[in-house]
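Summary of the model geometry
Each chain is listed here by its residues.
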Amino acid sequence: MRGARAKGQLLAVVVLALSTTGCYTFAMHQTAERLAPGQRSITAGISRQAFISGEDWDYEDGFSVADVQVRLGLERFEIGVRISRINLQDGYQFVSLDPKISLVEDRLAFLLPVGLFFSGPFPGDADIDVSESHQVHPALIATIPLGRTETELNLGLKTIVLLDTPEEYFTGLNLGLVMTPDEVEGGPAVLPEIGMFTDSHGNYYFHWGMALSFAFGGP
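These lines cover the structure that appears in this document, whether it is placed above or below. (Residues numbered from 1 in each chain as written. Predicted model: local features only at pLDDT ≥ 70, side-chain atom pairs only at ≥ 80, totals over all residues. Heavy atoms only, no water.)

1. A short note on empty space enclosed by the protein
Going by this rule: Using a 1 Å grid laid over the protein atoms alone, points where a 1.4 Å probe fits but cannot get out form a cavity; open sets with protein on both sides within 12 Å along at least 5 of 7 lines form a pocket; any residue with an atom within 4 Å of a point counts as lining. Grid points are joined across faces, edges and corners, and a volume is the space filled by probe spheres set on the points. Comment: elements are numbered from the N terminus, with helices defined as DSSP H or I runs of at least four residues and strands as E runs of at least two. In this classification, the charged set is Asp, Glu, Lys and Arg, the nonpolar set is Ala, Val, Leu, Ile, Met, Phe, Trp, Tyr, Cys and Pro, and all remaining amino acids, among them Gly, are polar.
Summed over all chains, the structure comprises two cavities of 30 Å³ or more. Volume-wise, the largest cavity comes out at about 110 Å³. Arg-82, Asp-98, Pro-113, His-137 and Lys-158 are the residues nearest the centre of the largest cavity, which is lined by 14 residues in total. Elements supplying a minimum of two residues to the lining of the largest cavity: β3 (78–86) and β4 (92–104). The dominant element in the lining of the largest cavity, judged by the number of residues it contributes, is β4, at three residues. In the lining of the largest cavity, the residues fall into six nonpolar, five polar and three charged. Its volume calculated, the second largest cavity comes out at about 70 Å³. Elements that contribute at least two residues to the lining of the second largest cavity include exactly β9 (151–162), β10 (169–179) and β11 (189–199). Of the residues forming the lining of the second largest cavity, the biggest block, four residues, is contributed by β10. Of the residues assigned to the lining of the second largest cavity, the class counts are seven nonpolar, five polar and one charged.

Structure below.
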């Protein structure tokens, strides 16, 4: 009984800490493929986060995140802007600028999103009390073909660094599929995703989600 009570208290502390310092969007909803110069894409996604604590991996349902990414292919790299709504009913926004550089063409890419939390209509109107507002999210993404199909495996390694308190960080792994549309019929690419993250205190977070990506323009 005492052990169960201690685990419950630990979980309560974790949830309280997240609610006072801000929750984070763990989903990536991207691939290693870089847009061609002049090509653009819009990706809309939704994900659900959960908290896991204790040696028995006690599960606590968490919060939902909806986000939209707008991306543009340039000559040497790809640039994107992403805005996320964290806690859909009573939450706040996260906005980031997200450059992507190809390391191995269409197979391995490096991303360096830089962003911040805000609760008003614009970042300059922020009144949210989140000390870890400014963040950088370095990530590697590998996209692996699955045989002769149009489906690819998407593997991401991501870290969330809080610039105001760099000793507080998250790191984890995302695993997903990239199901591209038929070239004749067109339509959006579908990106289902799951992932597991841990923070600097040894707590774990699980997430799962889905995104639709529309690409247009370019050569």
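Moving on from the coordinates now.
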